[in-house]
Amino acid sequence: IASVADMDGDEAATFGTVLARCTSALREAAGADLVYVYIFGDHVPHMHAHLAPHVDGDALNDAMIKGEVEERPLPSGLVAMVPKDYPEIDAETLRSVLESTRRLLSGA
């Protein structure tokens, strides 16, 4: 499906529940104040949601990313918008949050 508006049936009935469960687990695993949900899909004909854990003082805000951003081409042909004023999160921290989120979602 290309957007939330195109959902029907089981997709529409379960999307909110799944999204709430995933954002709750990610918020806990990352120690975040909240989790922003960004839903995209206009240049590539599919819908996907980005879950972005947020703590006060990080690069995220209600305008998406604070400060000056740098465009980085991705292998897919899309472009990543990366904040210049905030350090990237190291791979080990990302792995740790991912594993914690996975454990919380699996009930282990």
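Analysis parameters
Residues numbered from 1 in each chain as written. Predicted model: local features only at pLDDT ≥ 70, side-chain atom pairs only at ≥ 80, totals over all residues. Heavy atoms only, no water. Helix = DSSP H or I, 4+ residues; strand = E, 2+ residues; numbered from the N terminus. Buried < 20%, exposed > 50% of the residue type's maximum accessible area, 1.4 Å probe, protein only. Contact = heavy atoms within 4.5 Å. Areas by Shrake-Rupley, 256 points an atom, 1.4 Å probe, with all protein chains shown as cover. Lys, Arg positive; Asp, Glu negative; His and termini not counted. Charge placed at Lys NZ, Arg CZ, Asp CG, Glu CD. Expected span 1.5 Å × (residues − 1). Arc of directions from axis to C-beta. Polar contact = N/O pair within 3.5 Å; in protein donor to acceptor, adjacent residues only side chain to side chain. Patch = residues over 30% accessible without salt bridge, like charges linked within 9 Å, V, L, I, M, F, W, Y side chains within 5 Å. Salt bridge = Lys/Arg side-chain N within 4 Å of Asp/Glu carboxyl O. Axes fitted to C-alpha atoms, helices over the stretch in contact; angles between N-to-C directions. Parallel < 35°, antiparallel > 145°, perpendicular 65-115°, else oblique. Left-handed = near helix turned anticlockwise from the far one by under 90°.

## Some words on the overall build of the protein
Looking only at helices and strands, the protein features two helices and six strands. Seen in sequence order, the protein has helices and strands lined up from the N terminus as α-β-β-β-β-β-β-α. Seen through its C-alpha atoms, the protein measures out along the principal axes to roughly 45 × 35 × 25 Å. Counting across all 108 residues of the protein, residues that qualify as buried make up 18%. Sequence-distant contacts in the protein: of pairs separated by 6 or more residues, those separated by 24 or more amount to 34%. Surface summary for the protein: the accessible area is close to 7,600 Å², and the carbon and sulfur share equals 56%. Separation of charge centres in the protein, based on 8 positive and 18 negative side chains, amounts to 7 Å.

## Details of helix α2 (residues 91-106)
Working note: α-helix, 3.6 residues per turn, so residues spaced by three or four point in the same direction. Between the first and last C-alpha of α2 there are 22 Å, a value that for 16 residues agrees with the 22 Å anticipated at 1.5 Å per step. Turning to α2, its buried residues number three or more, namely Val97, Ser100 and Thr101. All buried residues of α2 fall inside an arc of 100 degrees around its axis, so they share one side. Those residues of α2 that are buried lie in contact with α1 (9-30). One side-chain oxygen of the residue at the start of α2 lies 3.2 Å from the amide nitrogen of Glu92, identifying that residue as Asp90. Phi turns positive, to about 80 degrees, at Gly107, one or two residues after α2.

## Considerations on the environment of His50
Among the structural elements, His50 can be located in strand β2 (residues 48-54). Given a relative accessible area of 39%, His50 falls into the partly exposed group. For the pair His50 and Asp6, spaced 44 residues apart in sequence, the C-alpha to C-alpha distance is 18 Å. The residues touching His50, leaving out its near neighbours within four places in the chain, are Tyr36, Val37, Tyr38 and Phe40. For His50, the side chain forms a polar contact with the side chain of His48, separated by 3.2 Å.

## Considerations on a nonpolar patch on the surface
On the surface, Val4, Val37, Ile39 and Leu51 cluster together to form a nonpolar patch covering roughly 260 Å² of accessible area. Its location among the elements puts Val4 in the segment before α1.

## Some thoughts on the packing of α1 against α2
Where α1 contacts α2, the axes come no closer than 8 Å and their chain directions differ by 135 degrees. Here α2 runs oblique to α1, going by the angle between their axes. Between α1 and α2 the crossing geometry is right-handed. For the pair formed by α1 and α2, the contact residues are Arg21, Cys22, Ala25, Leu26, Glu28, Ala29 and Ala30 on the first element and Val97, Ser100, Thr101, Leu104, Leu105 and Ser106 on the second.

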